[in-house]
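Coordinates in review
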Amino acid sequence: MQLTSDGGETLTEVKSPAIRMFREGFWAEYVSEEQVLIQTPDGKRYWINTLFDTCTCRTPDAESAPPPCEHLLGLCGLLSEQRAYEEAQIAMVEAQHDTWALTLENDRTERTLRELGVCEF
């Protein structure tokens, strides 16, 4: 793996499809037990069926099964990377604020949204 001039890794050198997808800005979420929606950094959306390991980025060929696409190869790892990132963000916020400060911040956010007319609480 090579480093760029700023000390970061080049995305082309990242071997894991999941880590590369996470760093490039892909996003995934379960919409049902067996359906996952993946969104690319440019906004394209693909549906993955985890039961049959199919993705809507390709249409199945009648003569032969296509090799797995990057979405299928990186799905589990991408979801794991996202979860770890979110947990790290939560831990960072919790470390900065105690429970009472988080409650006050939540109240301030709700009040701001209510005043803007975004939602009613």
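Report follows, based on the coordinates. Keep in mind the model is a prediction, meaning the values are calculated, not measured.

**Considering the overall build of the protein**
- Within the protein, the secondary structure is distributed over three helices and four strands.
- Moving toward the C terminus, one meets the helices and strands of the protein in the order α-β-β-β-β-α-α.
- Out of the 121 residues belonging to the protein, those deemed buried represent 17%.
- Here the contacts in the protein between residues at least 6 apart in sequence split such that 29% fall between residues at least 24 apart.
- Accessible surface, the protein: about 9,000 Å² in total, of which carbon and sulfur atoms supply 53%.

**What about the pattern of salt bridges?**
- All chains considered together, the criterion is met by two salt bridges.
- Among the salt bridges present, the one from Arg20 reaches Glu24, with a minimum N-O distance of 3.0 Å. Residue Arg20 and its partner Glu24 are located together in helix H1 (residues 17-24), separated by four residues, close to a single helical turn.
- The class for Glu24 is partly exposed, based on a relative accessible area of 31%.
- Glu105 is paired through a salt bridge with Arg108; the nearest N and O atoms lie 2.6 Å apart. Taken together, the positions of Glu105 and Arg108, both in helix H3 (residues 99-116) and three residues apart, correspond to about one turn of that helix.

**Describing the sheet that holds strand S1 (residues 27-30)**
- The four strands are arranged S1-S2-S3-S4 in an open sheet whose pairing can be described as antiparallel. Pairing within the sheet leaves two strands with one partner each, and these edge strands are S1 and strand S4 (54-55).
- Contacts between helix H2 (residues 70-96) and the sheet are confined to S1, strand S2 (35-39), strand S3 (45-49) and S4, with S1 contributing the most and set at about 85° to the helix.

**Structural notes on the packing of H1 against H2**
- Relative to each other, H1 and H2 sit at 65°, their axes nearing to 7 Å. Considering how the two elements wind past one another, H1 and H2 form a crossing that is right-handed. Taking contact as the criterion, the partners of Pro17, Ala18, Ile19, Arg20, Met21 and Phe22 in H1 are, on H2, Glu70, His71, Leu73, Gly74, Gly77, Leu78, Glu81, Gln82 and Tyr85.
- Residues of the contact of H1 with H2, tallied by class, amount to eight nonpolar, four polar and three charged.

**Quick word on the pairing of S1**
- Note: S1 against S2, four bridges, orientation antiparallel. Following the sheet pairing, Tyr30 is matched in S2 by Val36.
- Two successive antiparallel strands, S1 and S2, enclose a turn made up of four residues.

**Details of the environment of Glu70**
- Relative to the helices and strands, Glu70 resides in helix H2.
- Along the primary structure Glu70 and Pro17 are separated by 53 residues, whereas in three dimensions their C-alpha atoms are 6.6 Å apart.

Quick notes on the rules
Residues numbered from 1 in each chain as written. Predicted model: local features only at pLDDT ≥ 70, side-chain atom pairs only at ≥ 80, totals over all residues. Heavy atoms only, no water. Helix = DSSP H or I, 4+ residues; strand = E, 2+ residues; numbered from the N terminus. Buried < 20%, exposed > 50% of the residue type's maximum accessible area, 1.4 Å probe, protein only. Contact = heavy atoms within 4.5 Å. Areas by Shrake-Rupley, 256 points an atom, 1.4 Å probe, with all protein chains shown as cover. Salt bridge = Lys/Arg side-chain N within 4 Å of Asp/Glu carboxyl O. Pairing = 2+ DSSP bridges. Axes fitted to C-alpha atoms, helices over the stretch in contact; angles between N-to-C directions. Left-handed = near helix turned anticlockwise from the far one by under 90°. Nonpolar A, V, L, I, M, F, W, Y, C, P; charged D, E, K, R; others polar.

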